[in-house]
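# What the coordinates show
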Amino acid sequence: MNNSTLVLVGNPNSGKTTLFNGLTGSDQRIGNWPGVTVEKKQGSFCLANEQIEVIDLPGAYTLNYEQIDSLDERIAANYITDMQEGVLLNVVDASNLERHLYLTIQLLEHNLPMIVVLTMMDKVTSKAIDVDKLSEKLGVPVVAVCAHKAKGLDDLYTAITHRDDISAENSVHIPYPKEIKTAVYDKMRFNKQLSYAQALTEVQQEQQDADIVVADARYGLVREFCKTTLTMPQKNTSSITKLLDKLFLNRFLGLPFFLFIMYLMFFTAINVGGAFQECFDLSSEAIFVNGLASVCLKLHMPDVITAILAYGLGKGLNTVLTFIPVIGAMFLFLSFLEGTGYMARAAFVVDRFMRKIGLPGKAFVPLIVGFGCNVPGVMATRTLESEKDRILTAMMSPFMSCSARLAIFTVFVSVFFPHGGHNIVFALYLIGILVAIITGFFLRGTLLDKSLTPLLMELPAYHMPRANVLLRQTWGRLKHFVKRAGRVIVPVCMCLGALNVLNVTATGVVIGGEGDSVLSYIGKFITPIFEPIGLSHNNWPATVGLLMGTLAKEVVIATLNTLYSGLAGIKPAAIENFQFWPSMVEAFQTIPANLSSLGDALVNPIWASRADQALKPEVAGTISAYFPDLASVFAYLLFVLLYVPCISTMAAIKKELNHFWMYFSLIWTTVIAYMTSAVFYQMATIQQHYMSSILFLMAFAAMFYFMQFVVKKNSVTLIGMSQKGCSA
Amino acid sequence: MVAISSMKKGERAKIIDFGQTPKSMRMRLYGLGFCPGAELVIEHIAPLGCPVAVKVGGTLISLRLVEFQHVRLKKYE
């Protein structure tokens, strides 16, 4: 039997991950368990000239589950049931022996070689547990370690080296009542393939109250073990935890404090992280866009190639890299919050309110982050335990109006709504939130389970996470993002970026020169579709703005500036003047400049996070001519609010969930955006054209019901497709 | 015999049995330390009364009243 795989199994918060990190060091691979969106951690290390593989199973409280929502338990249970080789490392928190042994008992019944690792030994008084007695009672080697301080690891290594001597046969007899035992043996006789553990699970599932009896018997045995091996009663909660919880879980102070933490998080991720964003943006632009373009120019490459390479591929890389500071900052802060144990408290405090919209308390965090930028907002959904909640939150996230959209709103509002413009913006935010909630209800009624994920959650003791662990976690997640999101973002950027820069001139398709870009041609062609939402067909720049907005909302204003003032796109003449090193210096100089303006952000982080953009004065005049009435402006802003978020958000959705949900979000946001702005515009201008307005409204109502019908009718197929998770 | 909704902060109780609690919920509860005979203490109550944080077997667990409503408890005076 090949025993060179160690399988870590234990409760959440048992110190399992710390042990995993301690064993594997930097030699870790993070992926996903096949078919689901749960993180899978694997690593390896060298011991006595052998390469040992380590797999960290998701934390599980029990191997007997019934609900689909216990995804973590299901993965752990299935893995162990199917395990043919390898050694179990059962991580047990020494300060919570009774509860952890409940899982240990279940593991023993699987008849696999196992070593019990007692962690958190620093929390128990040194002689409180008779480790040898416990080992004798359980029939397996027991090693005491303190993973944080790397004490006792030598004993663990010794035990691992001698793993081949461990008997897989379970020597512990759990006093189940006779009826249960008979039922189990009957099953095993009937089906030779069934193991003892599997038969026991089936008996519990089939018989009405068998599970109560089984749990009772198990706990009875566990209590007996504890009585004989614990020389003193287990200490109650640490005083720090008690003290902090007095504040964080206080009936009155808990909520305000939570809002303060959310404010801090937003500030750190969006404002502080954002301060570095310009540097990443400008420097990656200097390297991958302008730098590459000037190299292409020097090599006399055909324009189409330059367009695809520099303005497509280069732009794509630039887009991906620009997100790194914000996502990195957010992950760091979230890792910190989760590592300390505060996240569980946050979920506790906010749960009641979030329940009203069908989400658990923890979902508040990704949604708040989404107000700064949807990309880290979607990525933050991985902190939610249930896959269904992750899907719901990720689908609702795009409707949280991000800071880039805010820039667009402010620009338009300053031109068209000089008085009371802030009300318009506020209304847009509210509409976004409303549509998000409606999306939630729609999904919960159709493709997703209607039931609410149970809250049952452990509130772990507070502890200070180690900086290197946080940094390593953040780095791993960033790497993962760049790899997976990049695969989506770069191709799309290559298309749009290139099309935007290639102009159709008399001499053919070139960069620069007279004539409209290919993208503009497409825009002109498509604009008639947007007539119902108020875009007159000569307003094609607005359409191109929307198209470019699928790349990133930040470029919409720039695009509109360019098109409305009738200038050509990015000129290669500028490339000849491009200087690499000054550009890089300029890029890095933005850091201190942005950091110094952080003081303003303290007061209103959301406002401060919007990109600094304005319409050129001559454009402000022109644009009014193209938008015939205020209703069409609001309709346009509604569309910008609700339609496809940038390609990076789509990529994040694909990475956190799967293809299906990415396309669903794409289609859903666009359809909702179109219907909402069209309905609004038609209602607002109903006097001008009663007949066509009413026809449109009827058509939209019909379409809405049709969509619901189609989704409900194909729900089985769609649900099947929606559950195909991304593979590692 | 009482249900959790009638308990106040600081009160202790012992689990008698799980009453009408659905099986899926029961199986989750066992893993967290809730079993017949287990003692629990109400440590915190959230704004608006729900969820509650309960100490059982040395662990602090948050749960919604509706999840625990069928569990029958005997209060310690």
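## Section: the interface of chain B and chain A
With 36 residues of chain B at the interface, the matching set in chain A holds 44 residues. Taken over both partners, the interface formed by chain B and chain A buries close to 3700 Å², and the fraction arising from carbon and sulfur atoms is 57%. The largest contributions to the chain B side of the interface with chain A come from Met-27, Arg-28 and Arg-64 of chain B, which together make up 19% of the buried area. For the interface between chain B and chain A, the tally reads three salt bridges. Between Asp-211 of chain A and Arg-26 of chain B there is a salt bridge, with the nearest N and O atoms lying 2.9 Å from each other. Counting across the chain B and chain A interface gives 15 residue pairs in polar contact (both at pLDDT 80 or more). Contributions of two or more residues to the side of chain B that touches chain A are made by helix 1 (23-31), strand 2 (39-45), strand 3 (52-56) and strand 4 (59-63) of chain B.

## What about the side chain of His-100 of chain A?
Residue and element names in this part refer to chain A. Inspection of the secondary structure puts His-100 in helix 3 (residues 97-108). Take His-100: its relative accessible area is 2%, and that puts it in the buried class. Of note is the side chain of His-100, whose polar atom sits 3.1 Å from the backbone oxygen of Asn-96. Those residues in contact with His-100 that lie beyond four places of it in its chain are Asn-11, Ser-14, Val-91, Val-92 and Asp-93.

## Considerations on the packing of aromatic side chains
All names here are of chain A. The full count for this structure, using the stated rule, is 27 aromatic pairs over all chains. With 5.8 Å between their ring centres and 90 degrees between their planes, Phe-412 and Phe-627 make a pair best called edge-to-face. With a gap of 215 residues between them, Phe-412 in helix 18 (residues 403-416) and Phe-627 in the loop between helix 28 (617-626) and helix 29 (630-642) connect regions that are remote in the sequence. Neither residue differs from the other here; Phe-412 and Phe-627 are each classed as buried. Summarising the aromatic geometry, the rings of Phe-660 and Trp-661 are spaced 5.0 Å apart at their centres and angled 90 degrees between planes, so their arrangement reads as edge-to-face. Judged by its relative accessible area of 1%, Trp-661 falls in the buried class.

## Here we look at the confidence of the model for chain A
Per-residue confidence for chain A gives a mean pLDDT of 81; residues scoring 70 or more make up 92%. The low-confidence segment residues 567-573 of chain A, where pLDDT is below 50, has nine contacts with residues more than four positions distant or belonging to other chains.

## Examining the nonpolar core
The nonpolar side chains of soluble globular proteins are, as a tendency, buried together. Residues and elements named next belong to chain A. Counting residues in hydrophobic clusters, the biggest one holds 131 residues, and the most contacted among them are Met-395, Phe-412, Leu-443, Phe-627, Tyr-636, Trp-661 and Phe-664. When residues of this core are assigned to their parent elements, the largest contribution, eleven residues, is made by helix 31 (residues 659-684). Once residues lying within four places of it in the same chain are set aside, the contact partners of Phe-627 are Phe-412, Phe-416, Leu-535, Asn-539, Ala-542, Tyr-564, Ser-632, Val-633 and Tyr-636. Within the second largest apolar cluster, 54 residues are counted, among which are Leu-107, Leu-118, Ala-199 and Leu-230.

Thresholds applied
- Within each chain, residue numbers correspond to sequence positions counted from 1 in written order.
- Both sets of labels track the order of writing: A upward for chains, 1 upward for ligands.
- Whole-chain, interface and lining totals are the exception, using all residues; otherwise, since this is a predicted model, local features are given only for residues with pLDDT of at least 70 and side-chain atom pairs are given and counted only at 80 or more.
- Only hydrogens and water are set aside when side-chain values are computed; all heavy atoms of the structure are taken into account.
- Contacts: residue pairs with any heavy atoms within 4.5 Å of one another.
- In short, buried area is how much 1.4 Å probe accessible area vanishes from two parts on joining, totalled over both.
- Think of a salt bridge as a Lys or Arg side-chain nitrogen and an Asp or Glu carboxyl oxygen that are within 4 Å of each other.
- Whenever a nitrogen or oxygen atom comes within 3.5 Å of another N or O atom, the pair is scored as a polar contact, on the condition that within protein one atom can donate a hydrogen and the other can accept it, and that pairs from neighbouring residues in sequence are kept only if both atoms are in side chains.
- Helix and strand assignments follow DSSP, with helices taken as H or I runs no shorter than four residues and strands as E runs no shorter than two, numbered in order from the N terminus.
- Burial classification: accessible surface area is computed with a 1.4 Å probe over protein chains only, and a residue below 20% of its type maximum counts as buried, one above 50% as exposed, and the rest as partly exposed.
- Two rings belonging to Phe, Tyr or Trp (six-membered ring only in the last case) form a pair when the distance between their centres is within 6.5 Å. Interplanar angles under 30 degrees mark stacking, angles over 60 mark edge-to-face geometry, and anything in between is tilted.
- One number per residue, pLDDT, summarises how confident the predictor is, and it ranges from 0 to 100.
- For this analysis, a nonpolar core means a set of buried residues of the types Ala, Val, Leu, Ile, Met, Phe, Trp, Tyr and Cys, connected via side-chain atoms within 4.5 Å.

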